[in-house]
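What the coordinates show
Residues per chain, in single letters:
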Amino acid sequence: MTITERFEDAKKRYAGMGVDAEKAVETLRNYSISMHCWQGDDVTGFDHEGPLTGGIQTTGNYPGKARTPEELMADIDKVLSLVPGKHKINLHANYAIFEKGEFVDRDALEPKHFAKWVEFAKERGLGLDFNPTIFSHDMVKNNLSLSHPDQEVRDFWIRHCQACIRISQYFAEELGQPCVMNIWIPDGYKDIPADRMAPRARFKDSLDRILSIPYDKEKVLVCLESKVFGIGMESYTVGSSEFTVNYAASRGILPLMDNGHYHPTEVVSDKISSMLLFFDQIALHVTRPVRWDSDHVVLFDDETREIAKEIVRNNALDRVKVGLDFFDASINRIAAWTIGMRNFQKALLYALLCPNEKLANLQEEGKLTEVLMLQEEIKTCPFGDVWDYFCESSQVPVRETWYDEVKKYEEEVLVKRG
Ligand code: RNT
Ligand code: ZN
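Here goes a summary of the coordinates provided.

How each quantity is defined
- Residues numbered from 1 in each chain as written.
- Chains lettered and ligands numbered in written order.
- Predicted model: local features only at pLDDT ≥ 70, side-chain atom pairs only at ≥ 80, totals over all residues.
- Heavy atoms only, no water.
- Helix = DSSP H or I, 4+ residues; strand = E, 2+ residues; numbered from the N terminus.
- Rg over C-alpha atoms; globule rule 2.2 N^0.38 Å.
- Buried < 20%, exposed > 50% of the residue type's maximum accessible area, 1.4 Å probe, protein only.
- Contact = heavy atoms within 4.5 Å.
- Areas by Shrake-Rupley, 256 points an atom, 1.4 Å probe, with all protein chains shown as cover.
- Lys, Arg positive; Asp, Glu negative; His and termini not counted.
- Charge placed at Lys NZ, Arg CZ, Asp CG, Glu CD.
- Donors = N, O, S within 2.8 Å, 3.2 Å for Na, K, Ca; no water.
- Phe/Tyr/Trp six-rings, centres within 6.5 Å; stacked < 30°, edge-to-face > 60°.
- Lys NZ or Arg CZ within 6 Å of the ring centre and 35° of its normal.
- Near = heavy atom within 4 Å.
- Polar contact = N/O pair within 3.5 Å; in protein donor to acceptor, adjacent residues only side chain to side chain.
- Nonpolar A, V, L, I, M, F, W, Y, C, P; charged D, E, K, R; others polar.
- Axes fitted to C-alpha atoms, helices over the stretch in contact; angles between N-to-C directions.
- Parallel < 35°, antiparallel > 145°, perpendicular 65-115°, else oblique.
- Left-handed = near helix turned anticlockwise from the far one by under 90°.
- Salt bridge = Lys/Arg side-chain N within 4 Å of Asp/Glu carboxyl O.
- Arc of directions from axis to C-beta.

Quick word on the overall build of the chain
Along its length, the chain carries 14 helices and twelve strands. Against the 2.2 N^0.38 benchmark of 22 Å for 418 residues, the chain shows a C-alpha radius of gyration of 22 Å, consistent with a compact globule. Oriented by its inertia axes, the alpha-carbon framework of the chain measures out at about 65 × 55 × 40 Å. Within the chain, the proportion of its 418 residues that are buried is 56%. Across the chain, the fraction of contacts at a sequence separation of at least 24, relative to all contacts at a separation of at least 6, is 80%. Only carbon and sulfur atoms are counted for the fraction: they give 50% of the accessible area of the chain, which is about 18,300 Å². Each charge class in the chain was averaged separately, 50 positive and 67 negative side chains, and the resulting centres sit 0 Å apart.

Next up, the structure:
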């Protein structure tokens, strides 16, 4: 049987459950994920030589890491050729591209330092998202930035974030679609702090000052990401969940939840509905924490599917801005990216193929045995046939054949990098 014939068969099976598989595929085709640029070079960027700091870490030294903008762009192209659909690229400020010999510090960045990225995005019909880079820099002092007691330190990072808002608006205007700009700070303490309030009060004030510059709120969607701990900041983070959610709610910006940033038995899937009742839009970093905030490659696992279900069945595909956030340096980076992207799409497709209305009705009627039964039966529906059809009809490799492309690219390109 051809892939199309299998799809036709699968369609009937799903139709029997009241699910329109054709519609699911079309919905997925038009959905774009924000693909993080930093999987390609272990979060290094192009504006500094030093190590990755800020309590985050990449482990592994698999060959082939991108060293230049050209290499990173080529790698992104390779990934996009293996992933169905049109997406956005999520850039960090440390991926600024300077002229030969030029150096501009983070507080003085301008749109022109990202012109090459805009050109890259335009040529491919992609959108761009953005992030201030408040780590891997010597103005993060004693693990503190926007909450630092020293005004000079705070001012530097305030200027940086304001520059990033201007760059984000430039992205939005050039590309004709909103730019999601996410602020995350590493600030925190290794051991029990003597004063939890003062750093948070300063962070709040810094954020207010950042947002006081004029910008178009339709074009730049400013987000604030929370965190529960970082390496070396195990006891306290300034930008905790309560801080960021309350700040975002009171200032009309978006809260961003990264599913590696909660206590081990807490799940982001359970938080989405509550957030959607109080925010027009929210943002996610989809990642995979293994025992800690390890940022492993996203899998097609229970929690990823559950996150996707919450987005789909609450009709929130437009309201939840999804970006991926993982960085594995121990395996082929092109494969890591591709696996994560394809897996989140699979999770969405899985959610789109669930008889969501029927399940919700059963729950309302109190028929909970039937809910459990049906949720389990769905797991063996011919999901793979629909996924294969989606890939084939999107002109990307079907099933594991994409890996042949990665192997070829590794042999021809990646191993030749120093
Ligand atoms: C760190 C946050 C943050 C970063 C990226 C690189 O814990 O998750 O989102 O991973 O900005
Ligand atoms: Zn994150």
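The discussion continues.
Some details on the coordination of the zinc ion (ligand 2)
Within the protein, the zinc ion (ligand 2) binds to Glu225 (OE), Asp258 (OD), His285 (ND1) and Asp325 (OD); these donor distances fall in the range 2.1 to 2.2 Å. The motif formed by the donor residues of the zinc ion (ligand 2), counted along the single chain, is E-x32-D-x26-H-x39-D. Pair noted here: aspartate 258 is in strand β8 (residues 254-258) and histidine 285 is in strand β9 (residues 282-286), with a separation of 27 residues, a long-range link. Pair check on accessibility: aspartate 258 and histidine 285 agree, each one buried.

Focus on the packing of aromatic side chains
In this structure the tally under the stated criterion is 18 aromatic pairs. Centre to centre, the rings of phenylalanine 243 and tyrosine 247 are 6.1 Å apart; their planes meet at 5 degrees, and the pair counts as stacked. Placement of both phenylalanine 243 and tyrosine 247 in helix α7 (residues 241-251) is noted, with a separation of four residues, approximately one turn of the helix. Neither phenylalanine 243 nor tyrosine 247 differs from the other in exposure class; each is buried. Above the face of the tyrosine 350 ring, arginine 305 is positioned so that its terminal group lies 5.1 Å from the ring centre.

Section: the site of ligand 1
Around ligand 1, the neighbouring residues are Trp38, Ile56, His92, Trp184, Glu225, Lys227, Asp258, His261, His285, Asp293, Asp325 and Phe327. One of the side-chain nitrogen or oxygen atoms of lysine 227 is found 2.6 Å away from an oxygen atom of ligand 1. Note that an oxygen atom of ligand 1 is positioned 3.1 Å from one of the side-chain N or O atoms of histidine 285. Contact with the protein chains covers 100% of the free accessible surface of ligand 1, which is 310 Å². Residue composition of the shell around ligand 1, by class: four nonpolar, three polar and five charged.

What about the packing of helix α9 (residues 302-313) against helix α10 (residues 333-352)?
With their axes 8 Å apart at the nearest point, α9 and α10 run at an angle of 55 degrees to one another. Compared by their axis directions, α9 and α10 come out oblique. Like other packed secondary-structure pairs, α9 and α10 cross with a definite hand, here right-handed. Counting all contacts with α9, which are made through Thr304, Arg305, Ile307, Ala308, Lys309, Ile311 and Val312, the residues of α10 involved are Phe344, Ala347, Leu348, Tyr350, Ala351 and Leu352. Considering only residue class, the contact of α9 with α10 consists of ten nonpolar, one polar and two charged.

A word on the pattern of salt bridges
Counted according to the given criterion, the structure contains 29 salt bridges. A salt bridge links glutamate 8 to lysine 11; its shortest N-O distance comes to 3.2 Å. Taken together, the residues glutamate 8 and lysine 11, both in helix α1 (residues 3-16) and three residues apart, mark about one turn of the helix. Looking at glutamate 8, the relative accessible area reads 35%, which means it is partly exposed.

Topic: the environment of isoleucine 89
With respect to the helices, strands and loops of the structure, isoleucine 89 is situated in strand β2 (residues 88-92). Looking at isoleucine 89, the relative accessible area reads 0%, which means it is buried. Spatially, the C-alpha atoms of isoleucine 89 and phenylalanine 130 are 8.5 Å apart, while their sequence positions differ by 41 residues. Contacts of isoleucine 89, omitting those with residues within four sequence positions, involve Ser34, Met35, Cys37, Ile76, Leu80, Phe120, Leu126, Gly127, Leu128 and Asp129.

Some details on the environment of isoleucine 339
In this structure, isoleucine 339 sits in helix α10. Between the alpha carbons of isoleucine 339 and tyrosine 403 there is a distance of 9.7 Å; along the sequence they are 64 residues apart. Look past the residues within four positions of isoleucine 339 in its chain and what remains in contact with it is Val297, Val298 and Trp402.

Quick word on helix α2 (residues 21-29)
All buried positions along α2 are accounted for by Ala21, Ala24, Val25 and Leu28. The arc that holds the buried residues of α2, viewed along the axis, is 95 degrees, so those residues lie on one side. In the core, the buried residues of α2 are packed alongside α1, α10 and α13 (383-393). N-cap assignment for α2: the residue whose side-chain oxygen lies 3.1 Å from the backbone N of glutamate 22 is aspartate 20.

Focus on helix α11 (residues 356-364)
Along α11, the residues that are buried comprise Asn356, Leu359 and Leu362. Taken around the axis of α11, the buried residues stretch over an arc of 130 degrees, which confines them to a single face. Exposed residues pointing more than 90 degrees away from the buried face of α11 are listed as Glu357 and Glu364. Lining the buried residues of α11 we find α9, α10 and α12 (368-378).

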